[in-house]
Amino acid sequence: AEIIPDVTPAVNLDPKLRFALSFPSGDIDAGNLFSINASAAAPSVSISCNPGQCVVPRRTYYTLIMADPDAPSRENPIRRNIWHWGVTNAPNGRIAQGTAITTYRGPMPPMGVHRYVLMLFRQNGQISVPLTPMDGRANFNVTAFAETYGLGAPVAVNWFTSQPDAGP
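Described below are features of the structure shown in this document. (Residues numbered from 1 in each chain as written. Predicted model: local features only at pLDDT ≥ 70, side-chain atom pairs only at ≥ 80, totals over all residues. Heavy atoms only, no water.)

A short note on the environment of Ala-40
We count it as follows: The helix and strand labels rest on DSSP assignments: H or I over at least four residues marks a helix, E over at least two residues marks a strand, and numbering proceeds from the N terminus. Pairs of residues are marked as contacts when any of their non-hydrogen atoms sit within 4.5 Å.
Tracing the sequence through the fold places Ala-40 in the loop between β3 (32-33) and β4 (44-49). Sequence separation of Ala-40 and Ser-162 is 122 residues, and the distance between their C-alpha atoms is 11 Å. Excluding residues within four positions of it along the chain, Ala-40 makes contact with Tyr-104 and Gly-106.

Listed below in structure tokens is the structure:
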């Protein structure tokens, strides 16, 4: 899928974490296809430990970022990355209780198949990030954002694809 290096230069996956994402029409799983309508609302997000492997420490905060590296197309990504969703300070991985720094914007690929990459970063305490307006989301640099806020590499990654008039 070339998530590395198209979106982030590296990942530091935590094998103990379970990063589950789903739309009402199905689970997000390593690039499966969803229609624009099926992915119009934010997916549900669940972060937990694989059974018997860990306990999420109290007061652990996470950041969730969703980006489209294929704008306007995978062959000509001159607007890479479009920032589709951002949530910080999600306590113990409860994304709904975090701070939305960019409201969810569902896929709107103008042509071809686009990848929508969801990345989970573990924070070193709470962070303060300014809200990003809808028109300031093109050419989002995930690596620079992570460096600015001391996030390091993503600890969990998943993605789905969408294209005009396609998928469940």
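A short note on unusual backbone geometry
Where we set the bar: The buried label goes to any residue with under 20% of its type's maximum accessible area, the exposed label to any with over 50%, and the partly exposed label to all in between, with areas taken from a 1.4 Å probe on protein chains only.
Following Ala-71, the chain continues into Pro-72 via a peptide bond in cis, with omega recorded as -5°. With respect to the element layout, Pro-72 can be found in the loop between β5 (61-68) and β6 (82-91). Its identity is not glycine, yet Ala-30 carries a phi of approximately 50°, on the positive side. Structurally, the position occupied by Ala-30 is in the loop between β2 (26-27) and β3. By relative accessible area, which is 46% here, Ala-30 ends up partly exposed. Backbone geometry places Asn-92, a non-glycine residue, at a positive phi of 50°. Turning to its location among the elements, Asn-92 is positioned in the loop between β6 and β7 (99-102).

A look at the side chain of Ser-22
Position of Ser-22 among the secondary structure elements: in strand β1 (residues 17-23). With sequence-adjacent residues up to four places away left out, Ser-22 is seen in contact with Asp-27, Ile-28, Pro-43 and Ser-44.

Quick notes on the pattern of salt bridges
Keep this limit in mind: Whenever a carboxyl oxygen of Asp or Glu lies within 4 Å of a side-chain nitrogen of Lys or Arg, that contact is scored as a salt bridge.
Applying the stated criterion across every chain, the model contains two salt bridges. Ionic pairing is found between Arg-122 and Asp-14, a salt bridge with its closest N-O pair at 2.8 Å. Within this pair, whereas Arg-122 is found in strand β8 (residues 114-122), its partner Asp-14 is found in the loop between α1 (3-6) and β1, the two being separated by 108 residues in sequence. As a salt-bridge pair, Asp-70 and Arg-115 come within 2.6 Å of each other at their nearest N and O atoms. Of the two residues, Asp-70 is situated in the loop between β5 and β6 and Arg-115 in strand β8; the sequence distance between them amounts to 45 residues. Residue classification places Arg-115 among the buried positions, given a relative accessible area of 3%.

A short note on the pairing of strand β9 (residues 156-162)
We count it as follows: Strand pairing is defined by DSSP finding a minimum of two bridges between the two strands.
For β9, the tally of buried residues reaches six of seven residues, placing the bulk of the element in the interior. Where β3 lies against β9, two bridges are found, and the strand directions are parallel. Bridge pairing in β9 places Asn-32 opposite Phe-160. Direction of pairing for β8 relative to β9: antiparallel, over a ladder of seven bridges. Bridging from a neighbouring strand, His-114 pairs with Ser-162 of β9.

Quick look at the sheet that holds β6
Spatially, the six strands line up as an open sheet ordered β3-β9-β8-β5-β6-β7, and their pairing is mixed. Across the chains shown, the open sheet's two edge strands, defined by having one partner strand only, are β3 and β7. Of the pairings in the sheet, the one linking β5 to β8 comprises six bridges and is antiparallel in character. Its bridge partner being in β8, Met-66 is matched across the sheet by Leu-118.

Any functional reading would require information beyond the geometric quantities listed.
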